[in-house]
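Summary of structural features
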Amino acid sequence: MKVVTQLYHSDKSSTVAFYSHKRVICVNLLSSRAIQKVDMFGSVVVGIGTAGFVRIRDMLAPLPSSAAEKLSVKGFISRRTLEEQQGVKQITIEDALRRDDIKVAFVCTENAVHEENIRTFLEAGKHVCVEYPMAMTYKTAVDLWDLAQEKGVVLHEEHIELLTADFKQLKKDIAGKKLEEGSLHFTGGPLKPGFGFPAFSGIARLTWLVDLFGELSVTAASMEEDQENKYMKMTTQLMTKEQKPLTWIEERGPGLPRVKNINFRFDSCTMTQLPPAAREPVGLFMQDLVLFSQKLLGQVPRDQLHAERHRVLHCLELADRIQQLSQQGQGSAQDA
Ligand code: NAD
């Protein structure tokens, strides 16, 4: 019998391999730090609405051979007492915070309680993935991000709107064109309570504009509201760094279709419709799950993380300003 023993070392693992004529046995002797790196990230989903359901579904069937395979759902938390969801059991928040096998929380509640949930899990040293918007003020978001940094954990804000096929196509189509002026008018049905001021609940539209045209400033904002008829319309005037005006309208009411209307005038052409784009094979929440998992595994470059944090905070700062101006009722930034 011939036995070959091979030892090699890296800063991540030590592997011992015993070779014999007929079989190969490999034993990985990993440092505890490395074990944490390759181990599964046990997760809990907080809030079982549309987003919470999808998070559980995607963790139960992650994209094969992707970083998302490193997540495993251990339970869900709800303020209601619920039966098993997709075979996953309800657990208490105290349990989730105490358990060492739970390292990640997905915050999928209505927006008004994001802050409280994120803070609780970060304080306990858990990584957090929150559905947008992270918080209802800019300052809160900065605090939460600082807390995540202090605790050495990942805080990720989901932005599936940047992953849609039509947005990716739009971004390609406008590359190299110079904007003269533009508008984005979103319409949709009324929101349930707890989703907050429209500049925050509609942060996905603002994120589109910032991702397409760079940093913006708010020049005016106003809000029309008819609570009895569940109708609202927020109108915001924005300005690009090149001093080109953009209008963002967020309008919601019964019977309004969920649509984004664009009108972007460039130096060379005008776009009034989103470009047609074939649906991608990987779902939007799954794409986001893969990105979040890559962050957990330390696979996302630092400059990408910085740029993302910068964009998220910039959008929340704009949302704050829009809310202030709308609620002051004076509309114009110059008057403030
Ligand atoms: P949803 O209304 O379907 O779910 C919200 C969850 O909170 C539900 O489980 C609801 O029952 C629960 N909840 C609210 N108030 C409660 C209370 N008082 N007691 C017990 N449970 C309560 O909303 P959603 O669409 O899943 O949105 C959740 C988050 O995801 C929001 O932050 C939203 O902005 C974000 N998001 C959703 C989508 C989407 O496609 N649905 C996309 C992007 C971001």
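Named according to an unreviewed UniProt entry, the protein chain is Biliverdin reductase A originating from Oncorhynchus kisutch.

**Some words on the site of the ligand**
Near the ligand lie 19 residues; those nearest to it are Ala51, Arg79, Asn111, Tyr132 and Lys192. Contact distances for the ligand include 2.9 Å between an oxygen atom and a backbone N or O atom of Gly49. Between the ligand and Lys192 there is a distance of 2.6 Å, counted from an oxygen atom to a side-chain nitrogen or oxygen. Across the complex, the protein chains shield 73% of the 810 Å² of accessible surface that the ligand would expose by itself. Counted by class, the shell around the ligand contains seven nonpolar, six polar and six charged residues.

**Considerations on the nonpolar core**
Residues Phe106, Met134, Leu155 and Phe264 are the most contacted members of the largest nonpolar core, which totals 84 residues. Sequence-distant contacts of Leu155, defined by excluding residues within four places in its chain, comprise Ile118, Leu122, Val128, Val130, Met134, Leu144, Trp145 and Ala148.

**So, the sheet that holds strand 14 (residues 270-271)**
Two modes of strand pairing occur in sheets, parallel and antiparallel, and in both the strands are linked by backbone hydrogen bonds. Across the sheet, six strands lie side by side as 10-11-12-9-13-14; this open sheet has mixed pairing. With partners counted over all chains shown, the strands left at the sheet margins are strand 10 (216-226) and strand 14, one partner each. Sheet analysis places strand 13 (residues 259-266) next to strand 14, joined by two bridges and oriented antiparallel. Each residue of the ladder has a partner; that of Arg265, found in strand 14, is Thr270.

**Overview of the pairing of strand 10**
Pairing geometry for strand 10 and strand 11 (residues 231-240), over 10 bridges, is antiparallel. Its bridge partner lying in strand 11, Ser217 is registered against Met239. Between strand 10 and strand 11, which follow one another and run antiparallel, lie four residues, and Lys230 among them has a positive phi close to 50°.

**Observations regarding helix 2 (residues 50-60)**
Along helix 2, the residues classified as buried are Ala51, Gly52, Val54, Arg55, Ile56, Asp58 and Met59. Packed against the buried residues of helix 2 are strand 4 (41-46), strand 5 (71-77), strand 6 (104-107), strand 7 (127-131), strand 8 (155-158) and helix 9 (284-296).

**Thoughts on the packing of aromatic side chains**
Per the stated rule, a full pass over the model turns up five aromatic pairs. With a centroid separation of 5.5 Å and an interplanar angle of 80°, the aromatic rings of Phe106 and Phe292 are classed as edge-to-face. With a gap of 186 residues between them, Phe106 in strand 6 and Phe292 in helix 9 connect regions that are remote in the sequence. On the accessibility criterion, Phe106 (0% relative accessible area) is buried. One aromatic cluster is present, built from ring pairs that chain together Phe213, Phe264 and Phe266. The ring of Phe186 is capped by Arg205, whose NZ or CZ atom sits 3.6 Å from the centre of that ring.

**As for the pattern of salt bridges**
Summed over all chains, the structure comprises 16 salt bridges. Where Glu84 meets Lys89, a salt bridge forms, and the shortest distance between an N and an O atom there is 3.3 Å. Assessed through its relative accessible area of 44%, Glu84 is described here as partly exposed. Its relative accessible area of 52% is what places Lys89 among the exposed residues. One salt bridge connects Glu180 with Lys244, and the closest N-O pair in it is separated by 3.3 Å. With Glu180 in strand 9 (residues 179-188) and Lys244 in the loop between strand 11 and strand 12 (245-252), this pair connects stretches of sequence that are 64 residues apart. Overall, the relative accessible area of 25% leaves Lys244 in the partly exposed class. When salt bridges with common partners are traced through the structure, they connect Arg55, Glu131 and Asp288 into a single cluster.

**Focus on the environment of Val107**
In this fold, Val107 is placed in strand 6. Each C-alpha atom of the pair Val107 and Arg55 lies 9.8 Å from the other, and the pair is 52 residues apart in sequence. Among residues more than four places away in sequence, those in contact with Val107 are Val46, His114, Asn117, Ile118, Val128, Cys129, Val130 and Glu131.

**Considerations on the environment of Gly194**
Relative to the assigned elements, Gly194 resides in the loop between strand 9 and helix 7 (198-201). Residue classification places Gly194 among the partly exposed positions, given a relative accessible area of 26%. For the pair formed by Gly194 and Val113, sequence separation is 81 residues and the distance between their alpha carbons is 7.9 Å.

**Considerations on the pairing of strand 7**
Looking down a regular strand, the side chains alternate between one sheet face and the other. With five of five residues buried, strand 7 lies mostly within the body of the structure. Both faces of strand 7 are covered, namely the face carrying His127, Cys129 and Glu131 and the face carrying Val128 and Val130. For the segment spanning strand 6, helix 4 (residues 114-123) and strand 7, crossover handedness is right-handed. Across four bridges, strand 7 lies against strand 8 in parallel orientation. Bridging across to strand 8, Val130 finds its partner in Glu157.

Reading the values: the criteria
Residues numbered from 1 in each chain as written. Predicted model: local features only at pLDDT ≥ 70, side-chain atom pairs only at ≥ 80, totals over all residues. Heavy atoms only, no water. Near = heavy atom within 4 Å. Polar contact = N/O pair within 3.5 Å; in protein donor to acceptor, adjacent residues only side chain to side chain. Areas by Shrake-Rupley, 256 points an atom, 1.4 Å probe, with all protein chains shown as cover. Nonpolar A, V, L, I, M, F, W, Y, C, P; charged D, E, K, R; others polar. Core = buried A, V, L, I, M, F, W, Y, C linked by side-chain atoms within 4.5 Å. Buried < 20%, exposed > 50% of the residue type's maximum accessible area, 1.4 Å probe, protein only. Contact = heavy atoms within 4.5 Å. Pairing = 2+ DSSP bridges. Helix = DSSP H or I, 4+ residues; strand = E, 2+ residues; numbered from the N terminus. Phe/Tyr/Trp six-rings, centres within 6.5 Å; stacked < 30°, edge-to-face > 60°. Lys NZ or Arg CZ within 6 Å of the ring centre and 35° of its normal. Salt bridge = Lys/Arg side-chain N within 4 Å of Asp/Glu carboxyl O. Right-handed = clockwise from strand over helix to strand, strands pointing away.

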